[in-house]
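Breakdown of the fold
Residues per chain, in single letters:
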Amino acid sequence: GAGVSQSPSNKVTEKGKDVELRCDPISGHTALYWYRQSLGQGLEFLIYFQGNSAPDKSGLPSDRFSAERTGGSVSTLTIQRTQQEDSAVYLCASSTLEGLGLSEQYFGPGTRLTVT
Amino acid sequence: SQQGEEDPQALSIQEGENATMNCSYKTSINNLQWYRQNSGRGLVHLILIRSNEREKHSGRLRVTLDTSKKSSSLLITASRAADTASYFCAYLSGNTPLVFGKGTRLSVIA
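To start, this report covers the structure provided alongside it. None of the values given here were measured: they were computed from a predicted structure.

Within soluble globular proteins, side chains that are nonpolar tend to cluster in buried spots. If you look at the biggest cluster of nonpolar residues, it comprises 23 residues, and the most contacted ones within it are Leu32, Trp34, Leu74, Ile76, Tyr87 and Leu106 of chain B. At the level of secondary structure, the elements contributing two or more residues to this core comprise β3 (19-24), β4 (31-37), β5 (43-50), β7 (61-66), β8 (71-76), β9 (85-92) and β11 (104-109) of chain B. The biggest single contributor to this core is β9 of chain B, with four residues. Ile26, Phe65, Ile79 and Ala88 of chain A belong to the second-largest nonpolar core, a separate cluster that totals 20 residues.

This is the structure we're talking about:
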């Protein structure tokens, strides 16, 4: 079946512009996660959605970052007024009802964001 | 920081040799998972070991968990060039999301 998809695969934007990154999780997965990975680094947790519960936003680095999940499926991560330090690969993952890492997470291919 | 740490940061071996990577963490855990990442893109889940388990196998992979030492190891036997990738451990502690380490970069030379 289809895995997690993300779009765009690459995004180059100018400093100060807003960007939207999209994630389509695996159908039926109720948990959705966003991570950020800078070059040669591990994954930095950003935000987590589980069903209809309020999202866990504890990892968002600043108020320029926001995310929403419409209809319990597709999610959009928005970065406003992008800065060069926002350049990274943004990874989305989904998992089954257990969520929170109790079960394995399925990752999308990521969006490579470059802020010039 | 609660971030896990993999050791070594980088490992280079010949094809056919075994590769061992270690992961240390700082808190009590519910489970620990290992993931592989090729070319800096999406991660692929390899194996999950629960806190009450000590060893788990999957094909050429063997994972051990020592909760008293707060450490885990991933062994890849009879390595192949296709095993070249970065390997991350990730663990679940309480109700926090998975905490990922910085990874071990494995190079398998044919």
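Having put the structure on the table, let's press on.
This part is about the state of the cysteines. Tallied over the full model, the rule gives two disulfides over all chains. Here Cys23 of chain A engages in a disulfide with Cys92 of chain A; their sulfurs sit 1.8 Å apart. Here the S-S torsion is close to -65 degrees, and the disulfide linking Cys23 of chain A with Cys92 of chain A is therefore left-handed. Residue Cys23 of chain A is located in strand β3 (residues 19-24), and its partner Cys92 of chain A is located in strand β8 (residues 88-95); the two are separated by 69 residues in the primary sequence. The exposure classification of Cys23 of chain A matches that of Cys92 of chain A, with both residues buried. Shown here is the disulfide that connects Cys23 of chain B with Cys89 of chain B, its sulfur atoms set 2.0 Å apart. Here Cys23 of chain B and Cys89 of chain B share a disulfide; its torsion about the S-S bond, 65 degrees, makes the bridge right-handed.

What follows covers the pairing of β8 of chain B. Residues and elements named next belong to chain B. A large share of β8 lies buried, amounting to five of its six residues. Inspection of the sheet shows β3 paired to β8 by six bridges, in the antiparallel sense. Counted as the bridge partner of Met21 is Leu74 from β8. The sheet contact formed by β7 and β8 spans six bridges and is antiparallel. Bridge assignment links Asp66 to a residue of β8, and that residue is Ser71. Counting the residues between successive antiparallel strands, the hairpin from β7 to β8 contains four residues, one of them, Lys70, with a positive phi of roughly 50 degrees.

All names here are of chain B. The five strands lie next to each other as β1-β3-β8-β7-β6, forming an open sheet whose pairing is antiparallel. Looking at strand neighbours, the two that pair on one side only are β1 (5-7) and β6 (55-58), the edges of this open sheet. Taking the axes of each pair of neighbouring strands and ignoring which way they run, one obtains an average angle of 15 degrees across the sheet. Two strands pair when backbone bridges link them, and β6 and β7 are joined in this way by four bridges, in the antiparallel orientation. Directly across from Lys56, in β7, lies its bridge partner Val63.

Reading the values: rules and limits
- Residues numbered from 1 in each chain as written.
- Chains lettered and ligands numbered in written order.
- Predicted model: local features only at pLDDT ≥ 70, side-chain atom pairs only at ≥ 80, totals over all residues.
- Heavy atoms only, no water.
- Core = buried A, V, L, I, M, F, W, Y, C linked by side-chain atoms within 4.5 Å.
- Buried < 20%, exposed > 50% of the residue type's maximum accessible area, 1.4 Å probe, protein only.
- Helix = DSSP H or I, 4+ residues; strand = E, 2+ residues; numbered from the N terminus.
- Disulfide = S-S within 2.5 Å.
- Pairing = 2+ DSSP bridges.
- Axes fitted to C-alpha atoms, helices over the stretch in contact; angles between N-to-C directions.

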